[in-house]
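Observations on chain architecture
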Amino acid sequence: MTGRTTKSATRAATDLSRVIASVLGEARFPIDVEAWAVEVSRQQPDPIETIQKVAIDGFDGMLRPHPKRRAWQILYAEQPRYPGRERFTLAHEFGHYLLHRQDLQSGGRADAAPGEEAEYRCLPLHNDRWKEQEARREEEADTFACHLLMPFDDYRAQLGDAEISGALLAHITDRYGVSLTAAVRRWIEFTDKRAAMVVARDGFALWGRASKAAYRSGIFINSGLEIPEKSLAGMGKGGSLATTSRPTSLPSGVWTFARGSEPVKELTFIAERLGVSLTILQFEQYSGYRLEEDEEPWDSYDQFVRPSEDR
Ligand SMILES: [Zn+2]
């Protein structure tokens, strides 16, 4: 979670991204993570020997050492109902290999299934510290996956100056082979615009995130935020990625945040099957609020609580 460690994950992804771009050029998307994980690790004394898709419930992926040889194995869950998720999981595990395999060497595993957790849990005395390190490793592996699959410069070039719309997001998710949630989360991370995303179920936000510019102007999305009745999300008026195109302009008074309310453009996608909505809010660049040069970390747990089932 610290700047230093997130930077090393970003750098590892960016370096590899450059190599892939120089080899494959424009044809590199969506990134073939399996092929690159094998190719890159082959040059190490402890390569990734096998990458295997498995059908296990309650399990996303795992990086584990070979019991006898200096080698590694990646297992990842088959996710036919969640397009893009297998690729993200694989990239996440590859990130653990590049960034954390020394930490895991002593029999530890990244992302073991819940029942297996006890095998590598630290002594109770060190439990808090262990949890902290574990959370940091998870965040780093996610950061690596995001940067590898959706390189910032390429993503920005795809958008140009266009407003975010359903059609544009369909292009993005197609190009990178990722889920809508992952694509939007990445955009929120780098956009200079005032924007936010809210993932909600049953009228309340599960989690959300505001762009840096939005955050500085008083837009905070906390889990538990009540979805306004008159918003598209509140009325259940969103569509699917295939059917929703342009954002809808809403007057001041619908969405209200820490420093009040203002007009906003809303785009809401509804995953009927999950009963989950994903809302994108785009604000005017200037709202009349004073933009603060804040010292507080933008990338905080308070703002962003990621449930594993939605990434
Ligand atoms: Zn992990």
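Keep in mind the model is a prediction, meaning the values are calculated, not measured.

For the rest of this paragraph, the subject is the overall build of the chain. Along its length, the chain carries nine helices and ten strands. Buried positions account for 36% of the 311 residues belonging to the chain. If you take every contact in the chain between residues at least 6 apart in sequence, the share linking residues at least 24 apart comes to 59%.

Moving on to the sheet that holds strand 4 (residues 195-201). With antiparallel pairing, five strands are arranged side by side in an open sheet as 5-4-10-9-6. Two strands lie at the open edges of the sheet, namely strand 5 (204-210) and strand 6 (248-250), each paired on one side alone. Strand-to-strand twist of the sheet, defined as the mean angle between neighbouring strand axes without regard to direction, takes the value 25°. Sheet topology places strand 9 (residues 264-271) next to strand 10 (residues 276-283); eight bridges connect them, and they run antiparallel.

A word on the sheet that holds strand 2 (residues 61-65). The strand order 1-3-2 describes an open sheet built from three strands, whose pairing is mixed. The open sheet is flanked by strand 1 (48-54) and strand 2, the only strands paired with a single partner. Within this sheet the neighbouring strands show an average axis-to-axis angle of 15°, counted without direction. Packing against the sheet, helix 2 (residues 33-41) makes contact with strand 1 and strand 3 (72-77), and its axis sits at approximately 160° to strand 1.

Now for the environment of D57. As for its placement among the helices and strands, D57 is situated in the loop between strand 1 and strand 2. On the neighbour-count criterion, D57 (6 C-beta atoms within 10 Å) is exposed. Sequence separation between D57 and E78 is 21 residues, and the spatial gap between their C-alpha atoms is 9.3 Å.

Moving on: the nonpolar core. Counting residues in each nonpolar core, the largest one holds 68 residues, and the members touching the most others are I74, A91, L149, A183 and A196. With seven residues, helix 3 (residues 85-104) is the largest single contributor of residues to this core. Looking at which domains feed residues into this core, each of domain 1 (3-149) and domain 2 (153-310) supplies at least three. Not counting chain neighbours up to four residues away, the residues in contact with A91 comprise V33, F144, A145, L148 and L149.

Take helix 3 next. Between its first and last C-alpha atoms helix 3 spans 24 Å; for 20 residues at 1.5 Å apiece the expected length is 28 Å, and the helix comes up short by more than 12%. Maximal helix bending in helix 3 amounts to about 60°, located at L98. Of all 20 residues in helix 3, 16 are buried; the element is thus mostly enclosed.

Right, let's talk about the pairing of strand 10 for a bit. Within strand 10, seven of the eight residues are buried, which leaves it mostly tucked inside the rest of the structure. With seven bridges joining them, strand 4 and strand 10 adopt antiparallel strand pairing. Across the sheet, A195 pairs through a bridge with Q282, a residue of strand 10. Linking two consecutive strands that pair antiparallel, namely strand 9 and strand 10, is a turn of four residues; a positive phi of about 70° is found at G275 within it.

The subject of this paragraph is the confidence of the model for the chain. In this model, the chain carries a mean pLDDT of 85, and residues with pLDDT of at least 70 account for 83%. Predicted confidence is poor over residues 114-125, with pLDDT under 50, and the contacts of this stretch with residues over four places away or in other chains come to ten contacts. Confidence over residues 294-311 falls short of pLDDT 50; this stretch has 22 contacts with residues more than four positions distant or in other chains.

The rules behind these values
- Residues numbered from 1 in each chain as written.
- Predicted model: local features only at pLDDT ≥ 70, side-chain atom pairs only at ≥ 80, totals over all residues.
- Helix = DSSP H or I, 4+ residues; strand = E, 2+ residues; numbered from the N terminus.
- Buried ≥ 20, exposed ≤ 12 C-beta atoms within 10 Å, placed from the backbone.
- Contact = placed C-beta atoms within 7 Å.
- Pairing = 2+ DSSP bridges.
- Axes fitted to C-alpha atoms, helices over the stretch in contact; angles between N-to-C directions.
- Core = buried A, V, L, I, M, F, W, Y, C linked by C-beta atoms within 7 Å.
- Domains from an automatic or database assignment.
- Expected span 1.5 Å × (residues − 1).
- Bend = angle between axes of the 7 residues up to and from the residue.
- pLDDT = per-residue confidence, 0-100.

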